[in-house]
Amino acid sequence: MTVLVPAFVVGELRSAFAIGFALYLPFVAIDLAVAAMLMGLGMMMLIPPVVSLPVKLLLFVMVDGWALLCGGVAGSFR
């Protein structure tokens, strides 16, 4: 048990970081695109996360994010 439990925890942490990274990358890309668009329009005082939050939520809902997230977590339990 002293070998199995830490090995299981490390494996689950690795898959959790992979899922988190896969969720984080598209959201950072959206933030960068919105920031570039706002700077191009000359709206320097408007913070990009306020504008990009509805876009992020819409993207998460459109790609059925909860099903993908739960499927990734369930799939990590082979």
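Details of the structure are given in the entry above.
Residues numbered from 1 in each chain as written. Predicted model: local features only at pLDDT ≥ 70, side-chain atom pairs only at ≥ 80, totals over all residues. Heavy atoms only, no water.

Novice: When you look at the overall build of the protein in this model, what are you seeing that I'm missing?
Specialist: When helices and strands are counted, the protein shows three helices and zero strands. For the protein, whose C-alpha radius of gyration is 18 Å, the value lies well above the compact-globule estimate of 12 Å for 78 residues. Considering only C-alpha atoms, the protein reaches an extent of 60 × 25 × 15 Å along its principal axes. (Helix = DSSP H or I, 4+ residues; strand = E, 2+ residues; numbered from the N terminus. Rg over C-alpha atoms; globule rule 2.2 N^0.38 Å.)

Novice: Just to check I follow, could you spell out the layout of surface pockets for this structure?
Specialist: A water-sized probe rolled over the atoms picks out the places where empty space is left. Reported here for the largest pocket is a volume of approximately 200 Å³. For the lining of the largest pocket, the secondary structure elements donating two or more residues are α1 (4-41), α2 (48-62) and α3 (65-75). In terms of residue count, α1 provides more of the lining of the largest pocket than any other element does, five residues in total. Here the residues of the lining of the largest pocket are counted per class, giving 10 nonpolar, two polar and no charged. (1 Å grid on protein atoms, 1.4 Å probe; cavity = no way out; pocket = protein on both sides within 12 Å on 5 of 7 lines; lining within 4 Å. Points joined across faces, edges and corners; volume = space filled by probe spheres on them. Nonpolar A, V, L, I, M, F, W, Y, C, P; charged D, E, K, R; others polar.)

Novice: Got a minute to help me understand the pattern of salt bridges in this structure?
Specialist: Oppositely charged side chains may form a pair once their charged atoms are brought near each other. Under the defined criterion, the tally for this structure stands at one salt bridge. In this structure, the salt-bridge partner of Asp 31 is Lys 56, at a minimum N-O distance of 2.9 Å. A residue pair is termed long-range when its members are at least 10 positions apart, and Asp 31 in helix α1 and Lys 56 in helix α2 qualify at 25 residues. (Salt bridge = Lys/Arg side-chain N within 4 Å of Asp/Glu carboxyl O.)

Novice: For this particular structure, what's the right way to read the side chain of Ser 52?
Specialist: Relative to the helices and strands, Ser 52 resides in helix α2. When residues no more than four places from it in sequence are discounted, the contact partners of Ser 52 are Ile 30, Asp 31 and Val 34. (Contact = heavy atoms within 4.5 Å.)

Novice: When you look at the packing of aromatic side chains in this model, what are you seeing that I'm missing?
Specialist: All chains considered together, the criterion is met by one aromatic pair. On the basis of an interplanar angle of 90° and a centroid distance of 5.4 Å, the ring pair of Phe 60 and Trp 66 is categorised as edge-to-face. (Phe/Tyr/Trp six-rings, centres within 6.5 Å; stacked < 30°, edge-to-face > 60°.)

Novice: For this particular structure, what's the right way to read a nonpolar patch on the surface?
Specialist: On the surface, a cluster of nonpolar side chains totalling about 970 Å² of accessible area is made up of Met 1, Leu 4, Val 5, Phe 8, Val 9, Leu 13, Phe 17, Val 73 and Phe 77. It is α1 that contributes the most residues to the nonpolar patch, six residues altogether. (Patch = residues over 30% accessible without salt bridge, like charges linked within 9 Å, V, L, I, M, F, W, Y side chains within 5 Å. Areas by Shrake-Rupley, 256 points an atom, 1.4 Å probe, with all protein chains shown as cover.)

Novice: Help me out: how do you make sense of the packing of α1 against α2 in this one?
Specialist: A pair of packed helices is characterised by two quantities: the angle between their axes and the separation of those axes. Between α1 and α2, the least distance of the axes is 9 Å, while the angle of their chain directions is 135°. Here α2 runs oblique to α1, going by the angle between their axes. By crossing handedness, the relation of α1 to α2 is classed as right-handed. Contacts between α1 and α2 involve Leu 23, Pro 26, Phe 27, Ile 30, Asp 31, Val 34, Ala 35 and Leu 38 on the former and, on the latter, Pro 48, Pro 49, Val 51, Ser 52, Val 55, Lys 56, Leu 59 and Phe 60. Class assignment for the residues of the contact of α1 with α2 results in 13 nonpolar, one polar and two charged. (Axes fitted to C-alpha atoms, helices over the stretch in contact; angles between N-to-C directions. Parallel < 35°, antiparallel > 145°, perpendicular 65-115°, else oblique. Left-handed = near helix turned anticlockwise from the far one by under 90°.)

Honestly, that's just the spatial picture; any functional story needs more than this.
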